[in-house]
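One letter stands for each residue in the lines below.
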Amino acid sequence: MSLLTHPQFLWIVSVIASVFQVSLIVGAFINQGAPAETGFKGWGRKASVRVIISFGTGFGWGGVMALRKGLPPTATLAIAFTSAVTFTLLMFVMLRFLFEKTKN
């Protein structure tokens, strides 16, 4: 079993990323979130803090749910990455919608 599919690792990633994810969502709703430009200078907007947290949340919970179903490590990893990409896209769309609404 690799580190990426170890149950304790997935739970730790899930819980920590979820705490940050909730704070980002609440901050966006009360208009106290970080500016849209927040990110790493070298990677530009593609690797913002929001994207990394969304990816971690999706990866962790997708992996936990796959392991709870008793799936093999390869399938668990595939589901975890698919879930991570889905969470990232949903967070991106939601925050773009919120930022558009707050600008007007």
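(A) Quick peek at a nonpolar patch on the surface. A cluster of nonpolar side chains, Phe-55, Phe-81, Val-85 and Leu-89, forms an exposed patch at the surface whose accessible area comes to about 340 Å². By residue number, the principal contributor to the nonpolar patch is helix H3 (residues 73-103), which donates three residues. Looking at the element boundaries, Phe-55 is found in helix H2 (residues 49-68).

(B) Summary view of the environment of Thr-76. Here Thr-76 is to be found in helix H3. On the basis of relative accessible area, Thr-76 is assigned to the buried category, the value being 1%. Sequence-wise, Thr-76 and Phe-59 are 17 residues apart; in three dimensions their C-alpha atoms are separated by 9.8 Å. When near neighbours in sequence (up to four residues on either side) are disregarded, Thr-76 contacts Thr-5, Leu-10, Gly-63, Ala-66, Leu-67 and Leu-71.

(C) Geometry of the nonpolar core. Grouped together as the largest cluster of nonpolar side chains are five residues: Leu-10, Phe-59, Val-64, Ala-80 and Ala-84. Ignoring sequence-local partners within four residues, the contact set of Ala-80 consists of Gly-58, Phe-59, Gly-62 and Gly-63.

(D) Quick look at the packing of aromatic side chains. According to the stated counting rule, one finds four aromatic pairs in the structure shown. Taking 6.5 Å as the distance between ring centres and 10° as the angle between the ring planes, the aromatic pair formed by Phe-55 and Phe-59 counts as stacked. You can see Phe-55 and its partner Phe-59 sitting in helix H2, four residues apart, about one turn around the helix. You can call Phe-55 partly exposed: its relative accessible area is 30%. Note on Phe-59: relative accessible area 5%, which makes it buried. Members of the aromatic cluster, each reached through a chain of ring pairs, are Phe-55, Phe-59 and Phe-81.

(E) Just the side chain of Ser-14, in detail. For Ser-14, the position within the fold is in helix H1 (residues 7-29). Given a relative accessible area of 0%, Ser-14 falls into the buried group. A polar side-chain atom of Ser-14 sits 3.1 Å from the main-chain amide nitrogen of Trp-61. Look past the residues within four positions of Ser-14 in its chain and what remains in contact with it is Gly-60, Trp-61 and Val-64.

(F) View of H2. If you check H2, its first and last C-alpha atoms are 29 Å apart, about what 20 residues at 1.5 Å a residue would give, namely 28 Å. The complete set of buried residues in H2 reads Arg-50, Ile-53, Ser-54, Gly-56, Thr-57, Gly-58, Phe-59, Gly-60, Gly-62, Gly-63, Val-64 and Ala-66. At the C-terminal side of H2, Gly-70 shows a positive phi close to 80°.

(G) Here's a closer look at the confidence of the model for the protein. For the protein, mean pLDDT is 78; residues scoring 70 or higher make up 73% of the total. The secondary-structure element of the protein with the lowest mean pLDDT is H3, recorded at 83, while H2 shows the highest, at 89.

Here is what the cut-offs are and how they apply
Residues numbered from 1 in each chain as written. Predicted model: local features only at pLDDT ≥ 70, side-chain atom pairs only at ≥ 80, totals over all residues. Heavy atoms only, no water. Patch = residues over 30% accessible without salt bridge, like charges linked within 9 Å, V, L, I, M, F, W, Y side chains within 5 Å. Areas by Shrake-Rupley, 256 points an atom, 1.4 Å probe, with all protein chains shown as cover. Salt bridge = Lys/Arg side-chain N within 4 Å of Asp/Glu carboxyl O. Helix = DSSP H or I, 4+ residues; strand = E, 2+ residues; numbered from the N terminus. Buried < 20%, exposed > 50% of the residue type's maximum accessible area, 1.4 Å probe, protein only. Contact = heavy atoms within 4.5 Å. Core = buried A, V, L, I, M, F, W, Y, C linked by side-chain atoms within 4.5 Å. Phe/Tyr/Trp six-rings, centres within 6.5 Å; stacked < 30°, edge-to-face > 60°. Polar contact = N/O pair within 3.5 Å; in protein donor to acceptor, adjacent residues only side chain to side chain. Expected span 1.5 Å × (residues − 1). pLDDT = per-residue confidence, 0-100.

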